[in-house]
Protein chains: 2
Amino acid sequence: MPASQQHDHNHCISTAMDTARTLCEQRGLRMTPVRRRVLELVWQNHKPTGAYDLLAQLSEEGFNSAPPTVYRALDFLLELGVVHRISSLNAFVGCDHPGHEHDTGFFICKECGNATELPAKEIKKLHETLVKKFSFSIETSNHELTGLCQNCKATA
Amino acid sequence: MPASQQHDHNHCISTAMDTARTLCEQRGLRMTPVRRRVLELVWQNHKPTGAYDLLAQLSEEGFNSAPPTVYRALDFLLELGVVHRISSLNAFVGCDHPGHEHDTGFFICKECGNATELPAKEIKKLHETLVKKFSFSIETSNHELTGLCQNCKATA
DNA sequence: CGTAAAATTGCAACATTATAACCTAAGGAC
DNA sequence: GTCCTTAGGTTATAATGTTGCAATTTTACG
């Protein structure tokens, strides 16, 4: 059973959409159709998804589909904090604990491609550890790990 | 005084070149002119440098200069462990403590653009912390932090 | 040596990811 | 409604990275 089916993923998505809507309301921002659909797609794919993949999916649904469309939507969602960019993959994933979060961490399975976001608490701890050790004023931190997830390790 | 002049940078470069040459000898690999020159350029620039910047510099010097030339050299140097890729910048930097190292961490100053590699020991500790906490079998870890370096913080 | 195998490089084309510039349309404030 | 701001449409282009194949150089080895 793929990881994407180990839980009620529709519930994930609807929660994520609710959160995004709420954040928009709080900040006086607009959750437009394209933005909403991009966010849904990011969640539905469940795996890190490239901008051009999203673009293709939008296109199939009759949305306008030039690169700026999807990049603008992604920029908005990144800013809102409901999506993260995984720079080692040039891909985007939904965030399951948004807010005003600047530190991110992912575990990326080499086998199945799933990217699991590390718990905010752990990331924060890592960040703080690093702040203490170095005389930099750290603003953001991002951590990307690769290896095998528990599932793939077991079946390997 | 720019950070690049706070130390004997030529010494850095020659040390790095020596190390690379030694690693090549140990592993029966060839340090060819292009590879050597790319490594020198990466070090000379002192800041994370894009592949196409390196390509332009090679070109000025009369080297062959099509993208594969520089990407192949970079791949070789990455594999050798004497260069790292900073994925959030799509750029490359020299490694000052090579060997067979898979875990990397950088502090990238938003102001001056310098990327400082975090001490291997610290990175290793971070990595181990994460290994213990999660049931993934982690193979590589990369950590990228942004903020202000001590220098830029002081002069700001 | 001389020849075959392997590694490296040259080269052309192409693929992927992302942005710029400029204009039109939609939504909200008054 | 009018104005202003924000969002989206469109075209083109920039920036980054890869593939495939031929030519060359290096190495291994009889």
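In the block above lies the structure referred to throughout.
These numbers were taken from a predicted model, which means no experiment stands behind them.

It is worth spelling out unusual backbone geometry at this point. If you check the backbone angles, Asn-90 of chain A has positive phi at about 50° while not being a glycine. Of note, Asn-90 of chain A is situated in the loop between strand E1 (83-86) and strand E2 (91-94).

Below, the discussion takes up the pattern of salt bridges. Here the structure, examined in full by the defined rule, presents 14 salt bridges over all chains. Where Arg-37 of chain A meets Glu-40 of chain A, a salt bridge forms, and the shortest distance between an N and an O atom there is 2.6 Å. Within this pair, Arg-37 of chain A and its partner Glu-40 of chain A are both found in helix H2 (residues 33-45), separated by 3 residues, close to a single helical turn. By relative accessible area, which is 16% here, Arg-37 of chain A ends up buried. A salt bridge links Glu-139 of chain A to Lys-110 of chain B; the shortest N-O distance between them is 2.8 Å. Of this pair, Glu-139 of chain A sits in strand E5 (residues 137-148) while Lys-110 of chain B sits in the loop between strand E3 (104-109) and strand E4 (115-117), which puts the two residues in different chains. A relative accessible area of 38% means that Glu-139 of chain A is categorised as partly exposed. Where salt bridges share partners, they join Asp-18, Arg-21 and Glu-25 of chain A into one cluster.

Glancing now at the protein's contact with DNA strand C. Close to DNA strand C lie 14 residues; Tyr-52 and Arg-85 of chain A together with Thr-32, Asn-64 and Arg-72 of chain B are nearest. Per the 4 Å cut-off to the protein, sugar and phosphate atoms form 60% of the nearby atoms of DNA strand C. At 2.9 Å from a phosphate oxygen of DNA strand C is found a side-chain nitrogen or oxygen belonging to Tyr-71 of chain A. Among the elements of the structure, helix H4 (67-80) of chain A together with helix H4 (67-80) of chain B are those that each provide at least two residues to the surface near DNA strand C. Per-class residue counts for the surface near DNA strand C are 5 nonpolar, 4 polar and 5 charged.

Before going further, it helps to spend a moment on the interface of chain B and chain A. Between chain B and chain A, the contact holds 30 residues from the first and 30 residues from the second. In this structure, Glu-122 of chain A and Lys-133 of chain B form a salt bridge, with 3.4 Å as the shortest nitrogen-oxygen distance. Taken together, the links from chain B to chain A amount to 18 residue pairs in polar contact (both at pLDDT 80 or more). Elements represented by at least two residues in the side of chain B that touches chain A include exactly helix H5 (120-133), strand E5 (137-148) and helix H6 (150-155) of chain B. A total of 12 residues in the side of chain B that touches chain A trace back to one element, the largest contributor, which is E5 of chain B. Residue classes in the side of chain B that touches chain A are distributed as 11 nonpolar, 12 polar and 7 charged. As judged from the 11 bridges shared by E5 of chain A and E5 of chain B, these two strands associate in the antiparallel manner.

Reading guide: rules and limits
Residues numbered from 1 in each chain as written. Chains lettered and ligands numbered in written order. Predicted model: local features only at pLDDT ≥ 70, side-chain atom pairs only at ≥ 80, totals over all residues. Heavy atoms only, no water. Helix = DSSP H or I, 4+ residues; strand = E, 2+ residues; numbered from the N terminus. Salt bridge = Lys/Arg side-chain N within 4 Å of Asp/Glu carboxyl O. Buried < 20%, exposed > 50% of the residue type's maximum accessible area, 1.4 Å probe, protein only. Near = heavy atom within 4 Å. Polar contact = N/O pair within 3.5 Å; in protein donor to acceptor, adjacent residues only side chain to side chain. Nonpolar A, V, L, I, M, F, W, Y, C, P; charged D, E, K, R; others polar. Contact = heavy atoms within 4.5 Å. Pairing = 2+ DSSP bridges.

What is shown is where atoms sit, not what they do.
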